[in-house]
Each structure stands twice: as C-alpha cells, then as structure tokens.
Amino acid sequence: MSFFFLVPVYIRAKLELWFSSWSFSFKILWVIMHTGKVHVALVASPGMGHLIPVLELGKRLVSYHGISATIFVVTMDASLSRSQLLKVSGITDDFLDVVLLPAVDISARVDKTTGILRQMAMMVHEALPSLRSAILAMEVQPIALIVDMFATEAFVVAEEFMMFKYVFVTTNAWFLALTVHGPNLDKEVDQDDHINNQKPIHIPGCEPVRFVDCYEQFLRRNKVYFRMGTEISTADGILVNSFYDLEPLTLAALHDTRKVGLAPKAPVYPIGPLVRPVELSLRGEVLRWLDMQPKESVLYVSFGSGGTLSAKQTIELAWGLENSQQRFIWVVRPPVENDSAATVFKSNGVNNDFLDYLPEGFLNRTCKNGLVVPKWAPQTEILSHPSISGFLSHCGWNSSLESIVNGVPMIVWPLYAEQKMNATVLAEHIGVATRSKLLAPKGVVGRDAIAAMIQKIMVDKEGEAIRAKVKMLKSCAVKAVSNGGSSYNALAIVAEECKIGMQRRNAKTG
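As recorded in an unreviewed UniProt entry, the chain goes by Glycosyltransferase and comes from Gossypium darwinii. The UniProt entry for the chain carries this comment under Sequence similarities (unreviewed entry): "Belongs to the UDP-glycosyltransferase family."

Student: What am I meant to see in the environment of Ile 143 here?
Tutor: Position of Ile 143 relative to the elements: it lies in the loop between α6 (116–136) and β4 (144–148). The exposure class assigned to Ile 143 is buried, which follows from its relative accessible area of 5%. Leave out the neighbours within four places in its chain, and Ile 143 touches Val 38, His 39, Val 40, Met 163, Phe 164, Cys 498, Gly 501, Met 502 and Arg 505.

Student: Whenever I open this one, helix α4 (residues 48–65) confuses me. Can you help?
Tutor: Because the α-helix completes a turn every 3.6 residues, residues three or four places apart line up on one side. For α4, built from 18 residues, the straight-helix expectation of 26 Å at 1.5 Å per residue is met to within 8% by its first-to-last C-alpha distance of 25 Å. Along α4, 14 of the 18 residues are buried, which leaves the element largely enclosed by surrounding structure. A positive backbone phi angle near 65° is found at Gly 66, which sits one or two residues after α4.

Student: Honestly, the packing of α4 against helix α21 (residues 486–509) in this entry has me stumped. Any pointers?
Tutor: Packed helices, taken two at a time, are described by their axes: the angle between them and the distance between them. Packing of α4 against α21 brings their axes to within 11 Å, and their N-to-C directions diverge by 80°. Judged by the inter-axis angle, α4 sits roughly perpendicular to α21. In this structure, α4 uses Leu 57, Arg 60, Leu 61, Tyr 64 and His 65 to contact α21, whose residues at the interface are Tyr 488, Leu 491, Ala 492, Ala 495 and Lys 499.

Student: Would you mind going over the sheet that holds β4 with me for this structure?
Tutor: In any sheet, the strands associate via hydrogen bonds between backbone groups, in a parallel or an antiparallel arrangement. On the basis of which strands lie adjacent, the open sheet formed by seven strands has the order β3-β2-β1-β4-β5-β6-β7 and parallel pairing. In the strand order of this sheet, the two ends are held by β3 (96–100) and β7 (268–270), each with one partner. On average, adjacent strands in this sheet sit at an angle of 20° to one another, irrespective of strand direction. By the bridge criterion, five bridges tie β4 to strand β5 (residues 164–169) in an arrangement that is parallel. If you follow Asp 148 over to β5, its bridge partner there is Phe 168. In this fold α21 packs onto β1 (38–44), β2 (67–73), β4, β5, β6 (237–240) and β7, with an angle of close to 130° to the strand it touches most, β7.

Student: What am I meant to see in the sheet that holds strand β12 (residues 410–412) here?
Tutor: Here we have six strands laid out as an open sheet, ordered β10-β9-β8-β11-β12-β13, and parallel in their pairing. In the strand order of this sheet, the two ends are held by β10 (370–374) and β13 (433–434), each with one partner. One ladder, built from five bridges, connects strand β9 (residues 327–332) with β10; its direction is parallel. Residue pairing for β10: Trp 330 is matched across the bridge by Val 372. The strands that helix α14 (residues 311–324) touches are β8 (298–302), β9 and β11 (388–393); relative to β9, the one it contacts most, it runs at about 165°. In this fold helix α18 (residues 419–430) packs onto β12 and β13, with an angle of close to 135° to the strand it touches most, β12.

Student: Just checking my understanding: could you explain the side chain of Ser 389 for this structure?
Tutor: Mapping Ser 389 onto the fold places it in strand β11. Classification of Ser 389 as buried rests on a relative accessible area of 8%. For Ser 389, the side chain forms a polar contact with the main-chain oxygen of Glu 296, separated by 3.4 Å. Dropping the residues within four chain positions of it, Ser 389 is found in contact with Glu 296, Ser 297, Val 298, Val 408, Pro 409, Ile 457 and Met 458.

Student: Before we go on, may I ask you to explain helix α11 (residues 223–232) in this structure?
Tutor: Most of α11 is tucked away, with seven of its 10 residues classed as buried. Val 224, Tyr 225, Phe 226, Met 228, Gly 229, Glu 231 and Ile 232 are the residues of α11 that are buried. For α11, the elements touching its buried residues are α6, α7 (155–160), β5, α8 (173–181), α10 (216–219) and β6. Two or three places before Val 224, at the start of α11, stands the capping residue Asn 222, its side-chain oxygen 2.8 Å from that residue's backbone nitrogen.

Student: Looking at this model, I keep getting lost on the layout of surface pockets. Mind explaining?
Tutor: To find leftover empty space, one rolls a probe the size of a water molecule over the atoms. Quantified by volume, the second largest pocket comes out at close to 420 Å³. Taken together, the elements giving at least two residues each to the lining of the second largest pocket come down to α4, α17 (397–405) and α20 (464–481). The element that contributes the greatest number of residues to the lining of the second largest pocket is α4, accounting for five residues. Considered class by class, the residues forming the lining of the second largest pocket number 10 nonpolar, three polar and five charged. Inspection of the lining of the second largest pocket shows a minimum of three residues originating in each of domain 1 (39–276 + 483–509) and domain 2 (285–479).

Calculation notes
Residues numbered from 1 in each chain as written. Predicted model: local features only at pLDDT ≥ 70, side-chain atom pairs only at ≥ 80, totals over all residues. Heavy atoms only, no water. UniProt positions renumbered as here; feature names shortened; annotations may be inferred. Helix = DSSP H or I, 4+ residues; strand = E, 2+ residues; numbered from the N terminus. Buried < 20%, exposed > 50% of the residue type's maximum accessible area, 1.4 Å probe, protein only. Contact = heavy atoms within 4.5 Å. Expected span 1.5 Å × (residues − 1). Axes fitted to C-alpha atoms, helices over the stretch in contact; angles between N-to-C directions. Parallel < 35°, antiparallel > 145°, perpendicular 65-115°, else oblique. Pairing = 2+ DSSP bridges. Polar contact = N/O pair within 3.5 Å; in protein donor to acceptor, adjacent residues only side chain to side chain. 1 Å grid on protein atoms, 1.4 Å probe; cavity = no way out; pocket = protein on both sides within 12 Å on 5 of 7 lines; lining within 4 Å. Points joined across faces, edges and corners; volume = space filled by probe spheres on them. Nonpolar A, V, L, I, M, F, W, Y, C, P; charged D, E, K, R; others polar. Domains from an automatic or database assignment.

Below, the structure is given as structure tokens:
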C-alpha cells in the first residue's frame, strides 16, 4: 500500500491543488502508484499540427498498450487552459493526463523575418526549465520521454533523468529520410549541385528530392534544422506517423543499414495513421448542410490552421470554385500578402465580411451549391461525411492522413514548411491527389486551372485511378492500426521496450 493511500482526504486535496499548479492531475499519480503501470512522458511543440498527433499517440499508448502517459504541451498562448485541451483531445482515461507548461514569451526576440522553425526552437528552449521541474516533481518519474521532432532539444532532460529517448515524426517518412540524411551531406557539394545547379538530392534507397520540392530550411542550411536531424539520430527509437502501405520504398530504406538507415542509428517504427477521431457532438450548420447534399458530391476547401492566400489568389480560387459547377464547402480566411503561413502562431484579424475580399455577387451566385465558412470548420467530421467527394488542401500531413483514412482524394496546394514534399508524396509517389504545375510560392493559379483540377478529382474519368487508390489505402490504414496490424505491432514493440526498462529500473532500486 502506498503512502498516498494513507493520507487524509483534506491533505490529499491540498496536494492535488499543488499539483494543479503544473496542471498535473493527482488522480493519474494515484493510479500509477497503485497499478504499477509503466509511465511515459510526451512533449508536444507549439502548434495544433504537432499537438494533435502527440495527443493521439498518448491516447493509443494508454488505450491499446497498457501504458500510463503524461503529455507536456509547450505553448506561447497564455489564455490556453488545460480544460480546453482536454475537451479538444477527448481525453477521458484515468491513465492519461495533459500538462500545460507555463506559456513562454519570445515576442521580444522575434520579428517578421524570424521563421517558424526558429520560433518553435526558441519556445521549446524556453520551456525546458519548466519541463525539468515538472518531471522532477513527479512521485513516479517516466521511464521514457517521447518528443515530437521539433522538440528534440528536450532530449537533454531525458538524459538527466536516465529516460529512454524517442522522437515522434509527425509528418511523412520521406521528410524524415531527408532530415536525418542532411547532416551527412558535404556542404560544398550540396551548395554547388543542389542549390546553384538545382539538381535533385539523392537519398540512398529513396526517391530523389527535387530542388522545387525541397524543404526551404534545408536549402538555407538552417542550423536549427540540421541540429534537429543530428539529435533525431541519437534517439533510442524513431516513431513516424505513416504506415508501410503508404510509403513502402522510404520505410524499407530507413530500415536498411546499407541505405539511408545508416543515418538514424535507431529503429524506425511506422505507427500511423494517427488522426483525431470523429466527435459526434460537433453537429452544427456545416454538417447539417452536408446532410442535405447527395452522396460524394461536395468538395471541401481548407488550408489548415495556419495557411493564408493573397487577395488575388483568393479571388481566383472563388472563380474556380464557381466555374467548376461543383458543390463545395470553403473555409475562408482574410487574405494576407506575401505570407502563406500568416496564422500559424497568430490570428490575422477578425474580418469575417466576405464582401471585402470575395468577387462581387459570389455568395449570391453560389448560395445553392456552396457554403462559405469563416476561418474554422470541424474538419475531421466533414471529411468523414458521406457527402464529401474531394479535398482541396494545403497538404499538411495531419490533413493528408485525415483525407486518406476517409478515402477522400485530394487537390494538393502546398503553402509552407515541408508541404511541397507532402504534395509530391501524395500526387506522385502514392497517387491519391492531383496538383497544378503552376503552383509556386509567389505565383497565382488561375481560375481555369482550379476548375479543371476540381473536375478531375471529382467527376472526370481521368481521376478514376486517384479515387480508387485512396479508397484502397483507406482500407490499408484501418488494417495497419488494428490489433495485429503493422502499425499496431510497431507501437507494441515500443511499449514493450518501456515495460522491460521499467522492470530493470525497479530491479535496481528494489
């Protein structure tokens, strides 16, 4: 019997209040101590695109693999509350808790030229003392620390507490291959061949990365990005949100020590697709509108939580939607010039008056077959609706996986970060999407090209192969994460390693 079981109720209440200052639940501590469950910690770097898959990983470890978990969230949003996160994540399990680390403030150290990657690295660095203190305060310290790929600097905390180190790559395996291979490339050769002469990067065993698709931070030889690639290679294991049927060539190369597998120096575990499940309570105007539409007849248009278009591109997209004569739901944000990632860490205002930036008469002309929604919509619920037939997306990896698990073909429209690589994976490697050859960081895709892509993905005979392929992969995705599937088994290996590690720790201390 543990000490806490004997503590009087009123003292336990005070202890719980103390733990709540770290947003740490007294209940999970009590459960861990009484059940002997293996305890792991996860760290999510800033941004919903990183938080959502980390939350889903924690839920899966707890629900399917007998692990208790605490998720530490790095944020710069002081208004964000633990209750909001629990509501968003749907967490109800006693063995899983979310700790919202004190908000970090880097505003005095950034300006318009500070990139997203650098900002994330700064926030993670500022949060390390809070993470260290929170783990130190735990009565039962975790046996492992699982960080997303942008929080690898937290490995230093894992080393201090003698914890296993795992990294969770929340994007595709091809991007992982580039990231771990990058630090091994010769700087001068890379500069001459790839940047000056725009030749592809050849990664052993993988598809080459074309200059036009390459991650911008690689081209700039960003120190933070290359440090991240080096730190990933020091992990005890690398988890990636993908599955074998989705990226067979790249995953095979990452497991082959004669190829790119030499770089990670750690086993790679494809554990995806991990996506947010449908929340049945989110029944609003959008889903009621979808209920009235024919089966597989609606295009969903959204550029994620951070993507924005220019004013001219917004107008061309509106005309393309109208000219396609297809039903649509369009999540619209006010346009921003020269910053396609304008809302990643901030809002771009509250202007919901569509008349200010949509073509004159557009809303009236499309009111019978279109629905325009300001800024946000319940994407998971929309993509799972039987009326949806296509998805025009910025191809962030979470959105891409959500589309695949629902069997929805895509029009990929990359905006920032690694999204150009995502687009190539989806359109060329896998064949579940189409894209415009005109897409460029500073270019404008015309209305005729947009209408043609919509027609192709939704109704034209030319798009039949794409529609069939994504439906096949939907079935493969279900099998991968089901009991006995490849991704289920891969995560089971990680869970078993943690359990063995805990047994060894207890044997040493007991």
